Amino acid sequence: MEAGVKLGMRSIPIATACTIYHKFFRETNLDAYDPYLIAMSSIYLASKMEEQHPYFNPSGEPLELDSRFWELRDSIVQCELLMLRVLRFQVSFQHPHKYLLHYLVSLKNWLNCHSWQRTPVAVTAGALLRDSYHRGLCLRFQAQHIAMAVLYLALQVYGVEVPAEVETEKPWWQVFSDDLTKPVTDNIVSDLIQIYAMDTEIP
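Residues numbered from 1 in each chain as written. Predicted model: local features only at pLDDT ≥ 70, side-chain atom pairs only at ≥ 80, totals over all residues. Heavy atoms only, no water.

With an unreviewed UniProt entry as reference, the protein is termed Cyclin-Q, source organism Saguinus oedipus. Its UniProt record gives the protein the following Sequence similarities (unreviewed entry) comment, quoted word for word: "Belongs to the cyclin family. Cyclin-like FAM58 subfamily." (UniProt positions renumbered as here; feature names shortened; annotations may be inferred.)

Next up, the structure:
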């Protein structure tokens, strides 16, 4: 995640790289492979899939074409081939980002404009979605459910209420996703909170 941000990659390529990384280690043993090499290869593969090719320090001096360079290059290329075989070449994913954008646009027109302008719901929901890739929620839940859960949590954080929620026959979030249930939403929110709790426990 951090490497992708430093390379100036967009949200979708970073999400693809994180999904590839988590999916690879779901299929294999974490102790059997170097996680840093897998991470580099995930970024390399994701940049191809999403057609965004990052530049490594473009303002710096070109790397010397020595033995170390070729060893690193060959390691990444061979690791990419291994990952493709392990993942059975299934490296195209449906990310929650487009769903979140749709939900935000719809909800903005639904909410009181003053409430929307006062609170950074959209920014917070985007940050929560980005952080969700630290634990691989993308492999356990549907994309539209993750998008709705991060939006739900963002609204809860700022105490923003959806108009006429009490009077409606079903929760507002089921208007966007019929098959989403409260237990699934709670599970996603719980996993998100654990990410931040884990971060505070790291020495």
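Caption draft 1: Expanded view of the packing of aromatic side chains. A complete count under the given rule lists 7 aromatic pairs for this structure. Between the aromatic rings of Tyr99 and Tyr103, the centroid separation amounts to 6.5 Å while the plane-to-plane angle is 35°, which identifies the pairing as tilted. Of the two residues, Tyr99 and Tyr103 are both situated in helix 5 (residues 97–110); the distance of 4 residues between them amounts to about one turn of the helix. For the pair shown, Tyr99 and Tyr103 are each scored as buried. Measuring from ring centre to ring centre gives 6.3 Å for Trp172 and Phe176, while their planes differ by 80°; the resulting arrangement is edge-to-face. Pair noted here: Trp172 and Phe176 are both in helix 10 (residues 172–176), with a separation of 4 residues, about one helical turn. Take Trp172: its relative accessible area is 5%, and that puts it in the buried class. Pairwise contacts between aromatic rings join Tyr21, Phe24, Phe25 and Tyr33 into one cluster. (Phe/Tyr/Trp six-rings, centres within 6.5 Å; stacked < 30°, edge-to-face > 60°. Helix = DSSP H or I, 4+ residues; strand = E, 2+ residues; numbered from the N terminus. Buried < 20%, exposed > 50% of the residue type's maximum accessible area, 1.4 Å probe, protein only.)

Caption draft 2: Expanded view of the pattern of salt bridges. Taken as a whole and assessed by the stated rule, the structure comprises 6 salt bridges. Where Lys48 meets Glu80, a salt bridge forms, and the shortest distance between an N and an O atom there is 3.1 Å. In this pair, Lys48 sits in helix 3 (residues 35–49) while Glu80 sits in helix 4 (residues 67–86), placing the two residues 32 residues apart along the sequence. Classification of Lys48 as partly exposed rests on a relative accessible area of 39%. The partner of Asp191 in a salt bridge is Arg140, with the nearest N and O atoms 2.3 Å apart. One end of the pair, Asp191, is in helix 11 (residues 182–201); the other, Arg140, is in helix 8 (residues 137–140), and 51 residues separate them in sequence. For Asp191, a relative accessible area of 12% puts it in the buried group. (Salt bridge = Lys/Arg side-chain N within 4 Å of Asp/Glu carboxyl O.)

Caption draft 3: Layout of the packing of helix 7 (residues 121–132) against helix 9 (residues 143–158). Where helix 7 meets helix 9, the closest approach of the two axes is 8 Å, and the angle between their N-to-C directions is 130°. Taken together, the axis directions place helix 7 and helix 9 in an arrangement best described as oblique. The two elements helix 7 and helix 9 cross, and the hand of that crossing is right-handed. Here Val121, Thr124, Ala125, Leu128, Leu129 and Ser132 of helix 7 come into contact with helix 9, specifically with Ile146, Val150, Leu151, Leu153, Ala154, Leu155 and Tyr158. Of the residues in the contact of helix 7 with helix 9, the class split is 11 nonpolar, 2 polar and no charged. (Axes fitted to C-alpha atoms, helices over the stretch in contact; angles between N-to-C directions. Parallel < 35°, antiparallel > 145°, perpendicular 65-115°, else oblique. Left-handed = near helix turned anticlockwise from the far one by under 90°. Contact = heavy atoms within 4.5 Å. Nonpolar A, V, L, I, M, F, W, Y, C, P; charged D, E, K, R; others polar.)

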